[in-house]
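For reference, the chains in residue letters:
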Amino acid sequence: MDMALDHSSQVTDDALLALYAAGDPLAASELTARLAPRLLSFANRMLRDLAEAEDVVQDTMLRLWKMAPDWVPGAAKLSTWTFRVASNLCTDRLRKKRGVGLDDIAEPVSETPGVEAQLMQDERATALDAALQTLPDRQRQAVVLRHIEGLSNPDIAEILEISTEAVESLTARGKRALAATLASRKEELGL
């Protein structure tokens, strides 16, 4: 298969994976550039630890590369498959952390510089992240995938291996819980 990656935005994820499976390293680079940023954002919001989130993304991509030769185009969306893998890896890491005391967990590191113009936005993001951590894992996964990552309910259902109705229920309950948690800070956060 000889596809030019000059117009890589026009090449499908399935085609890039097939190119990688055939030995094209540029295809791996392009596919990683497409998938990794959203996976990192998701994993970082779930784990609140950038190093752990980076490990999840790396593990997810390694699993993708290992199964590339066996990938069946059209059987599933590649982005959905990678989010499912990342979600499962995050869940595993969260379960392992359950026995760790709060003082033993590293504070999250801000990726943005402390610019005055960003203070309110940073404070809102911090409040949202803290509120997200109060949600049960499944609700947090559903809310982050839907409202932060922008995935559709059917895609989330496939990732979490639940029904679309269950996704709707999880996101609705999660949104209500977030609203209740943030209600006392509404004026302070300018909401």
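Treat the numbers as computed from the prediction; the structure is a model and nothing was measured.

Visitor: Any chance you could explain unusual backbone geometry here in plain terms?
Guide: Positioned with a positive phi, arginine 48 is a non-glycine residue whose angle comes to about 55°. For arginine 48, a relative accessible area of 23% translates into the label partly exposed. Phi angles above zero are rare outside glycine, and glutamate 161 is one such case at about 60°. Summarising the element assignment, glutamate 161 is placed in the loop between α7 (153-160) and α8 (164-182).

Visitor: How should the packing of helix α4 (residues 78-97) against α7 be read in this particular structure?
Guide: Working note: a packed helix pair is described by the angle between its axes plus the distance between those axes. Where α4 contacts α7, the two axes come as close as 8 Å, and the packing angle between them is 50°. Here α4 lies oblique to α7, going by the angle between them. In the crossing of α4 with α7, the sense of the turn from one axis to the other is right-handed. For the pair α4 and α7, contact is made by Thr80, Phe83, Arg84 and Ser87 and by Asp155, Glu158, Ile159 and Leu160, respectively. Residue classes in the contact of α4 with α7 are distributed as 3 nonpolar, 2 polar and 3 charged.

Visitor: How do you make sense of the nonpolar core when you look at a structure like this?
Guide: Nonpolar side chains tend toward joint burial in soluble globular proteins. Leu17, Leu31, Phe42, Leu64 and Leu145 are the most contacted members of the largest nonpolar core, which totals 49 residues. Every element with two or more residues in this core is listed here: α1 (13-21), α2 (25-47), α3 (50-67), α4, α5 (119-133), α6 (137-148), α7 and α8. With 10 residues, α2 is the single largest residue contributor to this core. Apart from residues no more than four positions distant in its own chain, phenylalanine 42 is found in contact with Phe83, Ala86, Ser87, Cys90, Gln141, Val144, Leu145 and Glu149.

Visitor: I'm lost on the pattern of salt bridges in this one. Help?
Guide: Once the charged atoms of two side chains with opposite charge are near each other, the side chains can pair. Inspection of the entire model under this criterion finds 9 salt bridges. In this structure, arginine 34 engages glutamate 30 in a salt bridge whose closest nitrogen and oxygen atoms are separated by 3.1 Å. One end of the pair is arginine 34 and the other is glutamate 30, both in helix α2 and 4 residues apart, which spans about a single turn. A relative accessible area of 24% means that arginine 34 is categorised as partly exposed. Its salt-bridge partner being aspartate 155, residue lysine 77 comes within 3.0 Å of it at the nearest N-O pair. Here aspartate 155 lies in helix α7 and lysine 77 lies in the loop between α3 and α4, a separation of 78 residues in the sequence. Overall, the relative accessible area of 12% leaves aspartate 155 in the buried class. By sharing partners, the salt bridges in this structure join Asp13, Glu30 and Arg34 into a single network.

Visitor: Where do I start with the packing of aromatic side chains in this structure?
Guide: Two descriptors summarise a pair of aromatic rings, namely the distance from one centre to the other and the angle between the planes of the rings. In total, this model carries 3 aromatic pairs according to the counting rule given. Geometrically, the ring pair formed by tryptophan 71 and tryptophan 81 is edge-to-face, given 6.2 Å between the ring centres and 80° between the ring planes. You can see tryptophan 71 sitting in the loop between α3 and α4 and its partner tryptophan 81 sitting in helix α4, a full 10 residues away along the chain. The pair tryptophan 71 / tryptophan 81 is uniform in exposure class, with both members buried.

Scoring rules and cut-offs
- Residues numbered from 1 in each chain as written.
- Predicted model: local features only at pLDDT ≥ 70, side-chain atom pairs only at ≥ 80, totals over all residues.
- Heavy atoms only, no water.
- Buried < 20%, exposed > 50% of the residue type's maximum accessible area, 1.4 Å probe, protein only.
- Helix = DSSP H or I, 4+ residues; strand = E, 2+ residues; numbered from the N terminus.
- Axes fitted to C-alpha atoms, helices over the stretch in contact; angles between N-to-C directions.
- Parallel < 35°, antiparallel > 145°, perpendicular 65-115°, else oblique.
- Left-handed = near helix turned anticlockwise from the far one by under 90°.
- Contact = heavy atoms within 4.5 Å.
- Nonpolar A, V, L, I, M, F, W, Y, C, P; charged D, E, K, R; others polar.
- Core = buried A, V, L, I, M, F, W, Y, C linked by side-chain atoms within 4.5 Å.
- Salt bridge = Lys/Arg side-chain N within 4 Å of Asp/Glu carboxyl O.
- Phe/Tyr/Trp six-rings, centres within 6.5 Å; stacked < 30°, edge-to-face > 60°.

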